[in-house]
Amino acid sequence: MTVALSGKEIASQIEEKFPDSIEESSQESLVVKSDSLLSVAAFLKDTGSLKFDYLNYITAVDYYSYFEVLYQLTSLEHNHSVIIKTRCHGRENPAVPSVIGLWQGADFQEREIYDLMGINFTGHPNMKRLFLWEGFPGYPLRKDYL
Amino acid sequence: MTTTEIVTLKTEPFVLNFGPVHPSTHGVYRMRATLDGEVILDIEPVVGYLHRGIEKLAEERTYTGFIPLTDRLDYISPMSNNLAYCLAVEKLAGIKVPERAEYIRVIMAELQRIANHCIAVGSFLNDCGAFFTPFLYLFREREKIYDLFEMVCGQRVTYNYMRIGGVSQDIPDEFLPALRKFTDKLPGFLEEYDFFLKQNEVLLARAKGVGILTNETAIKCSISGPVARASGVKWDLRKADPYSIYDRFEFDVPTAEVGDCYDRYRVRIEEMSQSLRIIRQAMSQIPSGPVRADVPHLVRPPAGDAYAHIEAPKGELGFYIVSDNSIAPYRCHIRPTSLINLSALREMVKGWKVADLIIIFGSIDITMGEIDR
């Protein structure tokens with residue numbers, strides 16, 4: 001059985017290394033500030049006791065006042081998983097750093113979120129729409145679309 | 001004696017379009033391949049021709065009303081999609097499924113795996129050049145599974161059979177004898193089929209050592225399912241994170257070491273036998289009782305989010321659902337197995353010839369319905 005690690009415990013481990021990088025944490029997940037997302041993600045991937053080498057999926061949710069981008073990570077070796085989230089405010093040009101350098105499986109998923117939710121992933125080498133054509137008006141999965 | 005000089009010809013790279021409508025792309029899928037003569041330098045997948053906005057449609061439907069749409073994701077294996085979605089809603093709402101329904105679900109999911117692998121292996125051999133002979137033998141077996149599905153839900157392609165809290169109706173009395181007849185006959189067929197193919201010279205020449213996906217790349221690119229297991233990633237959610245009642249059955253997880261097209265073929269053939277093992281155990285253990293929990297027609301899960309995943313025939317299929325305590329999901333994200341399994345295609349085909357591109361692509365086993373959604 002894949003053990004879902006406590007967000008609170010992982011958050012305290014991260015806080016030791018990167019103070020002031022966690023926005024909030026609960027049993028199920030932890031919210032990382034978007035400017036420290038990359039260093040936290042690299043820490044989660046490379047630390048021997050955590051070793052989150054497998055990215056299950058990325059998704060984004062529109063909560064009107066902010067967008068939440070969610071990453072579920074699994075360690076195939078230790079068989080445990082964690083959900084990390086990051087938030088970006090503002091509807092004009094929301095952006096979070098791309099994790100493609102750590103988990104290449106993020107490639108299409110980040111492009112899909114850019115396409116349908118309009119979140120820019122900075123550092124992605126090929127940030128263009130995946131399903132819809134260039135010039136399509138709006139971002140359909142946003143709550144204020146239609 | 002004259003010495004032979006090796007002259008290297010200089011060629012200009014050019015771009016060739018595969019698809020969107022091409023027999024080898026298994027749907028409306030386009031690849032922009034940059035070629036140097038016959039050698040592939042780079043490819044860029046172009047998708048979205050079948051995009052229907054299913055995730056957006058989910059936000060306007062009731063939880064139960066979304067089940068028929070899940071059939072249209074991976075339309076080669078709708079039962080698995082039904083199962084993954086229902087598990088996610090049940091996790092969100094804390095619904096317990098009756099025992100008999102759990103067994104029926106497992107039987108359906110495993111039959112679906114066999115049916116899917118029939119198509120996957122058959123169309124892969126088609127791509128290899130064994131034009132339609134091995135394909136149709138597998139189609140004949142798949143037809144028998146479809147007869148069984150028709151018996152339980154009246155449908156042959158889009159089943160809409162599972163419900164939140166169970167399944168839509170109990171299996172008819174004649175189902176289990178018919179299933180037993182099917183499971184008795186299939187091993188003999190598989191053995192004979194494999195006997196003709198596993199040492200087949202053409203298949204070995206075309207598939208062995210071609211399109212190697214290394215273990216590290218598979219993990220880095222989030223590859224799952226038979227493609228990952230053929231590369232030596234021993235990861236099967238039925239074992240690693242057992243859902244439903246999979247912890248009650250004995251079965252092996254077939255893996256391979258090299259990660260070439262041939263290994264992906266082998267893993268699928270072996271998975272079919274393992275699925276049969278599970279079905280046999282489920283048939284002998286299935287209890288009587290209700291097949292559906294007492295769930296209101298309009299499910300209102302408490303506010304929150306949940307992710308449930310299953311080992312679908314193509315890999316990890318998951319649903320992430322956010323609820324705001326209304327009758328429709330606030331957000332429903334589908335983890336698309338086929339799309340993510342394509343992440344490594346670029347690295348797999350670089351340096352191979354055009355003819356190999358077709359079979360490497362075919363060996364991944366994708367459905368456009370799930371990629372574009």
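Quick caveat: nothing in here was measured; it's all calculated off a predicted structure.

Cut-offs and rules
- Sequence order as written defines residue numbering, which begins from 1 separately in each chain.
- Note on labels: chains are lettered from A, ligands numbered from 1, in written order.
- Predicted model: local features are reported for residues with pLDDT of at least 70 only, side-chain atom pairs are reported and counted for 80 or more only, and whole-chain, interface and lining totals are derived from all residues.
- Where helices and strands are cited, they refer to DSSP runs of H or I of at least four residues and of E of at least two residues respectively, numbered from the N terminus.
- Counting other C-beta atoms within 10 Å of a residue's C-beta gives its exposure: the residue is buried at 20 or more, exposed at 12 or fewer, and partly exposed in between, where C-beta atoms are placed from the backbone.
- Remark: residues whose backbone-derived C-beta atoms lie within 7 Å of one another are considered to be in contact.
- Helix span is expected to be 1.5 Å times the residue number reduced by one.
- Amino acids are sorted into nonpolar (Ala, Val, Leu, Ile, Met, Phe, Trp, Tyr, Cys and Pro), charged (Asp, Glu, Lys and Arg) and polar (every other residue, Gly among them).
- Among buried residues, those of type Ala, Val, Leu, Ile, Met, Phe, Trp, Tyr and Cys that are joined through C-beta atoms within 7 Å form a set called a nonpolar core.
- Strands are treated as partners if at least two bridges between them are detected by DSSP.
- Convention adopted: a line fitted to C-alpha atoms gives each axis, helices being fitted over their contacting stretch, and angles between N-to-C directions are expressed from 0 to 180 degrees.
- The predictor's confidence in any single residue is recorded as pLDDT, a number from 0 to 100.
- Just so you know how the angles are binned, under 35 degrees is roughly parallel, over 145 roughly antiparallel, 65 to 115 roughly perpendicular, and the rest oblique.
- For any helix crossing, the convention is left-handed if the near helix is rotated counterclockwise from the far helix by under a right angle, and right-handed if that rotation is clockwise.

Remarks on the overall build of chain B
Next, step 1: When you go through chain B residue by residue, the secondary structure sums to 15 helices and eight strands.
Next, step 2: If one aligns the C-alpha atoms of chain B with their principal axes, the spans along those axes are about 90 × 45 × 35 Å.
Next, step 3: With 373 residues in all, chain B has 49% of them scored as buried.
Next, step 4: The contacts in chain B between residues at least 6 apart in sequence include a share of 71% that link residues at least 24 apart.

Topic: helix 3 (residues 78-93) of chain B
Note on helix geometry: an α-helix contains 3.6 residues per turn, so any two residues three or four positions apart are oriented the same way.
Residue and element names in this part refer to chain B.
Next, step 1: For helix 3, with 16 residues, the first-to-last C-alpha span of 23 Å sits near the 22 Å given by 1.5 Å per residue.
Next, step 2: Counted residue by residue, helix 3 has 14 buried out of 16 residues, so it is predominantly covered.
Next, step 3: Immediately downstream of helix 3, the backbone of Gly94 shows phi near 65 degrees, a positive value.

Quick notes on unusual backbone geometry
Next, step 1: At Asn325(B), a position not held by glycine, the phi torsion is positive, near 65 degrees.
Next, step 2: The phi angle at Asp365(B) is positive, at roughly 65 degrees, despite the residue not being glycine.

A word on the interface of chain B and chain A
Interfaces are frequently sized by the accessible area removed from exposure as the parts join.
Next, step 1: If you look at the interface, chain B gives 27 residues, while chain A gives 22 residues.
Next, step 2: Where the side of chain B that touches chain A is concerned, the elements lending two or more residues are helix 1 (54-58), helix 8 (215-220), strand 7 (315-323), strand 8 (331-335) and helix 12 (337-341) of chain B.
Next, step 3: Looking at the side of chain B that touches chain A residue by residue, the class counts come to twelve nonpolar, seven polar and eight charged.

A few points about the environment of Gly209(B)
Next, step 1: Looking at the element boundaries, Gly209(B) is found in the loop between helix 7 (201-207) and helix 8.
Next, step 2: As a C-alpha pair, Gly209(B) and Val258(B) span 49 residues in sequence and 7.7 Å in three-dimensional space.

Comments concerning the nonpolar core
Next, step 1: One finds Ala84(B), Ala88(B) and Phe319(B) to be the most contacted residues of the largest nonpolar core, which totals 139 residues.
Next, step 2: With 16 residues, helix 4 (residues 99-128) of chain B is the largest single contributor of residues to this core.

Describing the sheet that holds strand 3 (residues 39-46) of chain B
Residue and element names in this part refer to chain B.
Next, step 1: Ordered in space as 1-2-3, the three strands form an open sheet in which the pairing is antiparallel. Taken across any chain shown, the strands that pair with only one partner, and hence form the sheet edges, are strand 1 (14-18) and strand 3. In this sheet, adjacent strand axes meet at a mean angle of 25 degrees when their direction is disregarded.
Next, step 2: Judged from the five bridges that link them, strand 1 and strand 2 (residues 30-36) form a sheet pairing that is antiparallel. When the sheet's bridge partners are listed, Leu16 is paired in strand 2 with Ala33.

What about the sheet that holds strand 7 of chain B?
Residue and element names in this part refer to chain B.
Next, step 1: If you trace the three strands from one edge of the open sheet to the other, you get 6-7-8, paired in antiparallel fashion. Whereas interior strands pair on both sides, the edge strands pair on one side only; in this sheet they are strand 6 (304-312) and strand 8. Pairwise comparison of adjacent strand axes, ignoring direction, gives a mean angle of 10 degrees for this sheet.
Next, step 2: Sheet topology places strand 6 next to strand 7; nine bridges connect them, and they run antiparallel. Within the sheet, the bridge partner assigned to Glu311 lies in strand 7 and is Glu316.
Next, step 3: This element, helix 3, spans strand 6 and strand 7 of the sheet and lies at about 150 degrees to strand 6.

What to know about the confidence of the model for chain B
Next, step 1: Summing up the model confidence of chain B, the mean pLDDT is 89 and the portion of residues at 70 or higher is 98%.
Next, step 2: Predicted complex metrics record ipTM = 0.91 and pTM = 0.89.

A word on the pairing of strand 6 (residues 80-89) of chain A
Consecutive residues of a regular strand have side chains that alternate between opposite faces of the sheet.
Residue and element names in this part refer to chain A.
Next, step 1: Across two bridges, the pairing between strand 1 (residues 3-4) and strand 6 is parallel. What sits directly across from Val3, in strand 6, is His80.
Next, step 2: The pairing of strand 3 (residues 29-32) with strand 6 spans four bridges and is parallel. From the neighbouring strand, Val32 faces strand 6, where its bridge partner is Thr86.
Next, step 3: The pairing of strand 5 (residues 66-75) with strand 6 spans ten bridges and is antiparallel.

A closer look at the packing of helix 4 of chain B against helix 5 (residues 133-153) of chain B
All names here are of chain B.
Next, step 1: At a closest axis distance of 9 Å, the pairing of helix 4 and helix 5 adopts a crossing angle of 160 degrees. If you check the angle between helix 4 and helix 5, you find them roughly antiparallel. Considering only the axes of helix 4 and helix 5, their crossing is left-handed. Contacts between helix 4 and helix 5 involve Leu111, Ile114, Ala115, Cys118, Ile119, Val121, Gly122, Ser123, Leu125 and Asn126 on the former and, on the latter, Pro134, Phe135, Leu138, Phe139, Glu141, Arg142, Ile145 and Leu148.
Next, step 2: Partitioned by chemical class, the residues of the contact of helix 4 with helix 5 number 13 nonpolar, three polar and two charged.

Some thoughts on the environment of Arg346(B)
Residues and elements named next belong to chain B.
Next, step 1: Topologically, Arg346 is positioned in helix 13 (residues 345-349).
Next, step 2: C-alpha separation for the pair Arg346 and Ile40, spaced 306 residues apart in sequence, amounts to 9.7 Å.
Next, step 3: Every residue in contact with Arg346, bar those within four places of it in the chain, is listed here: Asp42 and Ile43.

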